[in-house]
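Structure at a glance
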Amino acid sequence: MQSQHQNRGRYNDTLLEVLSSEGRREGVCEALVGSMIQTADELKDEYIQEVECHLSDSEAEVFREVNELAFKEGAWYRPLHNIVVPLCMLHIIEGEGLARDLVFPAMNHDAGNSLMKIAPTTQGADWQNKDKRVAHMEIGAKLCREQLERIWEKQLSDPVLEHLDITHNRIEQLADIVAHHDDPYIGKELSDPEHLAHRDADRCFVPSALSFWKDYIAYLNDSGCKANASELGVSITPTSLIQCRIASFYSTEQSLPESITRMGVAYAPHLVGLTEAGIPEPQSTSTGEQIAEKFIINRLAEIEEFAHLKSIDEFDDFFRKSLSNEMRWLLASLNHG
Ligand SMILES: [Fe+2]
Ligand SMILES: [Fe+2]
């Protein structure tokens with residue numbers, strides 16, 4: 001209790017300074033993750049309800065089932081991932097004039113991970129483990145197929161329900177998106193425009209508030225990431241992490257939008273080596289690119305603010321504002337579906 005209390009007190013140094021020192025960061029990392037868990041947990045129900053307002057009955061049914069699995073899985077960031085990706089997909093569908101039913105794989109693409117974690121033997125997906133990476137896609141594709149077939153059949157038997165305008169062939173196409181959604185992480189390229197649009201929505205999560213600050217703390221505690229960073233000549237800081245994200249979303253300095261260059265951070269293409277894919281992967285749709293750009297600018301603007309924080313309480317406020325502003329922005333500009 002006492003150490004918890006001390007962790008929440010104000011430090012003499014900034015959190016950034018404390019985190020930069022290997023010997024001093026341990027309890028602080030735990031407290032920061034605890035802060036993010038609590039904020040995400042407190043805010044998620046409100047967002048789930050708001051997303052449902054944008055969904056049809058059958059979409060909401062899939063959304064609810066996937067959320068239930070996520071709660072059982074217990075990974076604290078999963079519920080937010082399952083909200084952010086469908087929201088980004090809805091923007092991409094609207095902005096690019098794509099098929100509305102692409103929202104289904106956006107909702108259930110990672111449910112295979114929840115199912116693996118709930119099953120007693122597999123312990124969830126391990127992103128370093130290629131077999132498990134593949135398994136979460138296969139299990140998710142099966143679930144996607146089952147959910148859509150079940151809804152389709154239920155509607156056939158009850159004409160009062162809304163009609164899900166979908167064919168068996170289309171269900172297979174949507175399940176196929178789930179079955180291959182992480183292929184770029186295992187060295188296989190995606191080429192189908194719908195697969196790529198889904199990939200855009202999934203990757204929008206990476207520079208989002210929750211994922212970015214979660215990854216910063218996770219990288220600080222990952223020996224592989226630390227070794228990787230030191231080989232690349234950097235230490236893990238919010239600045240090097242956002243440079244890494246910029247290098248991942250923009251393959252050349254010329255392709256950087258003015259809104260990002262204006263923020264004054266140096267373009268460091270070699271830091272793409274810190275990412276999982278290890279190579280740049282620009283967004284394929286302009287809507288997906290705009291969302292990622294907005295999130296990157298948000299993070300660049302926050303890094304200065306983060307550098308002045310001196311307590312976990314200050315981080316609580318900082319992170320809550322960051323997450324809720326971004327979620328408000330994602331939710332505010334959607335038309336009702
Ligand atoms: Fe995945
Ligand atoms: Fe995902």
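Before reading further, recall that the structure is shown in the block above.
Anyway, here's the lowdown on the structure attached to this text. (Residues numbered from 1 in each chain as written. Chains lettered and ligands numbered in written order. Predicted model: local features only at pLDDT ≥ 70, side-chain atom pairs only at ≥ 80, totals over all residues.)

Here we look at the packing of helix α4 (residues 57-73) against helix α5 (residues 78-96)
Close contact between α4 and α5 brings their axes to 8 Å; oriented N to C, the two are set at 155 degrees. Taken together, the axes of α4 and α5 are roughly antiparallel relative to one another. Contacts between α4 and α5 involve V66, N67, A70, F71 and E73 from the first element and R78, P79 and N82 from the second. For the contact of α4 with α5, the residue count by class is four nonpolar, two polar and two charged. (Axes fitted to C-alpha atoms, helices over the stretch in contact; angles between N-to-C directions. Helix = DSSP H or I, 4+ residues; strand = E, 2+ residues; numbered from the N terminus. Parallel < 35°, antiparallel > 145°, perpendicular 65-115°, else oblique. Contact = placed C-beta atoms within 7 Å. Nonpolar A, V, L, I, M, F, W, Y, C, P; charged D, E, K, R; others polar.)

Some details on the nonpolar core
V84, C88, M89, V103, C144, A201 and C204 are the most contacted members of the largest nonpolar core, which totals 81 residues. Considering each element in turn, this core owes the most residues, 10 residues, to α5. Excluding its chain neighbours within four sequence positions, the residues that come into contact with M89 are L102, V103, A106, H198 and A201. (Core = buried A, V, L, I, M, F, W, Y, C linked by C-beta atoms within 7 Å. Buried ≥ 20, exposed ≤ 12 C-beta atoms within 10 Å, placed from the backbone.)

What about the environment of E231?
Mapped onto the elements, E231 comes out in helix α12 (residues 223-231). Accessibility expressed as a C-beta count within 10 Å gives 11 for E231, which makes it exposed. Along the sequence, E231 and K310 sit 79 residues apart, while their C-alpha atoms lie 30 Å from each other.

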